[in-house]
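# Observations on the model geometry
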Amino acid sequence: MVFELNDERPRRTREVRLERRADDNLLVDGSGDTLLLLNDTALALWELCDGTNTVDEMVAAVVQLFQADPREVRQDVVRTIDRLREVGAVEIYVP
Amino acid sequence: MSSPVNGWSAASRVLLVDADALFRSLLKEELDAQADLSVADTAPSRDSARASARSSKPDLVIVSAHLDERLDGFLLCRDLRSSPDPPAVLVLLDQQDPGEILTALESGAAGTMSREEPLEDGLRNIRAALRGEACVPRRMLGGVLGALISRRRETDEVHRRYARLSRREREVLDLLAQGHDHTRIASVLVISPQTARTHIQNILEKLEVHSRLEAASLALEHDLTSPAGGTRGL
């Protein structure tokens, strides 16, 4: 299980970049192949992956902004960041 | 120019608050042209808007963040949202900015509109706010969440410093936040002026601020109050 330590801070990798095409947000690799299509929330989480924000902080912010259920939000956030990590778009940084 | 109101379905009533008379007039014309919206009144300031909201009972208030040099629009938003049976509020920004969007949401607004955006986007936000939905611009969500994280970190840090204060120092801070000087504080707490000064000096060191004014602002901004005291009713 990933993200058990509060100190883990997801960080975007240099190999993957964001491309906006019309209303779509695409993560593409160095050769231009699409890795993931991001919805609005996934895009926001991707933007927060700057190596300073912990997963706990991301969860707390989403819960506060949308007044959503913390357990459901945690599941969604962890799943999204896990997916970003699987495609090589983020790495886990521990300061 | 009055709005066409259907016989069976009244249009939602909107109050427009902006210091610029020309802008109010132009936006009123645009909104009145929509079948489902009707501008009930317009107002140029916080005071006139509060009076108008009481009499015209709008469903939605669109309020400019910068009514004057201060951020009166956010305060007006708080006033309106704390009233009985509050209207929905959208804060009008010069441009979408994550920090200002967050301040608007924290002030009770459903969301924001920007003078830079096309009218269609503004209308979409107006209708979402009238349905009771929160409307954060899609592309700004990451920035708003980032601003929220930064603000929570700052608040946690301030509360960590506040936890260092003794009970007596917290009472002194309450009085500082109410605008009292050290002689008045000494009199209220029945201590010597020199003791009051020492407490104040300790407070400044523990809160890591340089002046009494800074300590008082920090107390007000982060709602630092001792259980016996209570600095404000903002």
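All values reported here derive from a predicted model rather than from experimental measurement.

## With respect to the sheet that holds strand β4 (residues 88-93) of chain B
Residue and element names in this part refer to chain B.
- Reading across the sheet, the 5 strands line up as β2-β1-β3-β4-β5 and stay open at both edges, with parallel pairing between neighbours. Here the strands that pair on one side only, and so sit at the sheet edges, are β2 (37-43) and β5 (111-114). For this sheet the average axis-to-axis angle between neighbouring strands, irrespective of direction, equals 25 degrees.
- In terms of strand pairing, strand β1 (residues 12-17) meets strand β3 (residues 60-64) through 4 bridges, oriented parallel. In the sheet register, Val17 faces β3, and the bridge partner there is Val63.
- The strands that helix α3 (residues 72-81) touches are β1, β3 and β4; relative to β4, the one it contacts most, it runs at about 175 degrees.

## Details of the nonpolar core
Residue and element names in this part refer to chain B.
- Val17, Ile62, Val63, Val89, Leu90 and Val91 are the most contacted members of the largest nonpolar core, which has 64 residues in total.
- Among residues more than four places away in sequence, those in contact with Val17 are Ala43, Ala49, Val61, Ile62, Val63, Ser64, Leu67 and Leu76.
- If you look at the next biggest cluster of nonpolar residues, it comprises 17 residues, including Leu173, Leu176, Ala186 and Leu207.

## Considering the domain arrangement of chain B
- Domains assigned within chain B are domain 1 (12-136) and domain 2 (162-229).
- Centre-to-centre, using C-alpha coordinates, domain 1 of chain B lies 38 Å away from domain 2 of chain B.

## Concerning the packing of helix α7 (residues 167-177) of chain B against helix α10 (residues 212-221) of chain B
Residues and elements named next belong to chain B.
- Viewed as axis vectors pointing N to C, α7 and α10 meet at an angle of 95 degrees, and their least axial separation amounts to 8 Å. By the criterion of interaxial angle, the relationship of α7 to α10 is roughly perpendicular. Here Leu173, Leu176 and Ala177 of α7 lie close against α10, whose contacting residues are Arg212, Ala215, Ala216, Ala219 and Leu220.
- Residues of the contact of α7 with α10, tallied by class, amount to 7 nonpolar, no polar and 1 charged.

About the criteria used
- Residues numbered from 1 in each chain as written.
- Chains lettered and ligands numbered in written order.
- Predicted model: local features only at pLDDT ≥ 70, side-chain atom pairs only at ≥ 80, totals over all residues.
- Pairing = 2+ DSSP bridges.
- Helix = DSSP H or I, 4+ residues; strand = E, 2+ residues; numbered from the N terminus.
- Axes fitted to C-alpha atoms, helices over the stretch in contact; angles between N-to-C directions.
- Contact = placed C-beta atoms within 7 Å.
- Core = buried A, V, L, I, M, F, W, Y, C linked by C-beta atoms within 7 Å.
- Buried ≥ 20, exposed ≤ 12 C-beta atoms within 10 Å, placed from the backbone.
- Domains from an automatic or database assignment.
- Parallel < 35°, antiparallel > 145°, perpendicular 65-115°, else oblique.
- Nonpolar A, V, L, I, M, F, W, Y, C, P; charged D, E, K, R; others polar.

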